[in-house]
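This is what each chain is made of:
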Amino acid sequence: MVEAMIIAGGKGVRMNQDIPKQFLNINDIPVIVYTLKAFQQHPEIDAILVVCIEGWQEILWAYAKQFNITKLKWVVPGGETGQESIRNGTFELEKHCGEEDLVVIHDGIRPNVSQEIISSCIAQCRLNGSAVTVIPCAEAMLLRQEDGECSKEEIARTSLARTQTPQAFPLKKLLWAHREALKRGITNSIATCTLMVELGEKVYFSAGSEKNVKITTVEDLEIFRALLYSKKESWLK
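Residues numbered from 1 in each chain as written. Predicted model: local features only at pLDDT ≥ 70, side-chain atom pairs only at ≥ 80, totals over all residues. Heavy atoms only, no water.

Novice: Could you give me a rundown of the overall build of the protein chain, with the residues and numbers involved?
Specialist: The helix and strand inventory of the protein chain stands at seven helices and 11 strands. Its C-alpha radius of gyration of 18 Å places the protein chain within 12% of the 18 Å reference for a compact globule of 237 residues. Overall, the protein chain is about 55 × 45 × 40 Å in size when its C-alpha atoms are taken along their principal axes. Classification of the 237 residues of the protein chain by burial places 48% in the buried group. Of the contacts made within the protein chain by residues no fewer than 6 positions apart, 73% connect residues no fewer than 24 positions apart. In the structure as shown, the protein chain presents an accessible area of about 12,800 Å², 51% of it carried by carbon and sulfur atoms. Charge-centre separation for the protein chain: the mean point of 27 positive side chains lies 4 Å from the mean point of 30 negative side chains. (Helix = DSSP H or I, 4+ residues; strand = E, 2+ residues; numbered from the N terminus. Rg over C-alpha atoms; globule rule 2.2 N^0.38 Å. Buried < 20%, exposed > 50% of the residue type's maximum accessible area, 1.4 Å probe, protein only. Contact = heavy atoms within 4.5 Å. Areas by Shrake-Rupley, 256 points an atom, 1.4 Å probe, with all protein chains shown as cover. Lys, Arg positive; Asp, Glu negative; His and termini not counted. Charge placed at Lys NZ, Arg CZ, Asp CG, Glu CD.)

What follows is the structure in structure tokens.
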């Protein structure tokens, strides 16, 4: 079995909006619904859990009914940090799913995730026991000095990977990681991949895309809206 865990617990303070960014409407469809549809449509996803911002759970269930998201089975409240939100979801899945199940963790605010990205993530996890969606670093990278205003050191971009979601792990591995983190006092790791690395684990990469945009600013919303209307020219390979 494969479960999707959609993280929609953030408050979106950088958007300066009264409505959480995952519930903003684009073309009369909430951002979170675009994300849910991607996993609803994927044939390998058996069930969906959403970690939802407090106070919006009933609205989420209503949207699931309206947009026919039949794979949504569980909704749990988010935490104070991303790590806590993912832990809440992981411990809820423990009540319903087998430890050998694969869990595909995805940001609710990455609504343009493709079927190919989800498939690649699942396949890599099945092959190597973990999968982190990444894209290459195309820009020149400089290390900030202490004041943050300048640099005198380059970081080779070929040694860097820009992480995205989804990220997939067996449920057994996630349960171990979050319990081990509690023992070690690790409470605010940025993502599941960084938590695994902090715990000394190796993670494997799967293929992402520049189009798999994360909506954190108004500019990101504009990019996503443009992507909805974009169509690849026939001569592009």
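Still more ground to cover, so stick around.
Novice: Describe the pairing of strand E6 (residues 102-107), with residues and values.
Specialist: The element E6 is extensively covered by neighbouring structure, given that six of its six residues are classed as buried. With burial as the criterion, each face of E6 is covered, one bearing Leu-102, Val-104 and His-106 and the other bearing Val-103, Ile-105 and Asp-107. Relative to E6, strand E1 (residues 2-8) runs parallel, the two being bridged by six bridges. Note that in E6 the partner of Glu-3 across the bridge is Val-103. Pairing between E6 and strand E10 (residues 161-170): four bridges, direction antiparallel. Opposite Ile-105, over in E10, you have Gln-167 as the bridge partner. (Pairing = 2+ DSSP bridges.)

Novice: Please provide a residue-by-residue account of the nonpolar core, values included.
Specialist: Grouped together as the largest cluster of nonpolar side chains are 43 residues, with contacts concentrated most on Phe-39, Ile-48, Val-50 and Leu-60. Of all the elements, helix H1 (residues 31-41) adds the most residues to this core, at seven residues. Discounting chain neighbours no more than four positions away, the residues touching Ile-48 are Ala-4, Ile-6, Leu-36, Phe-39, Gln-40, Ile-69, Lys-71, Leu-72, Lys-73 and Trp-74. Within the second largest apolar cluster, 26 residues are counted, among which are Met-5, Val-51, Ile-105 and Ala-177. (Core = buried A, V, L, I, M, F, W, Y, C linked by side-chain atoms within 4.5 Å.)

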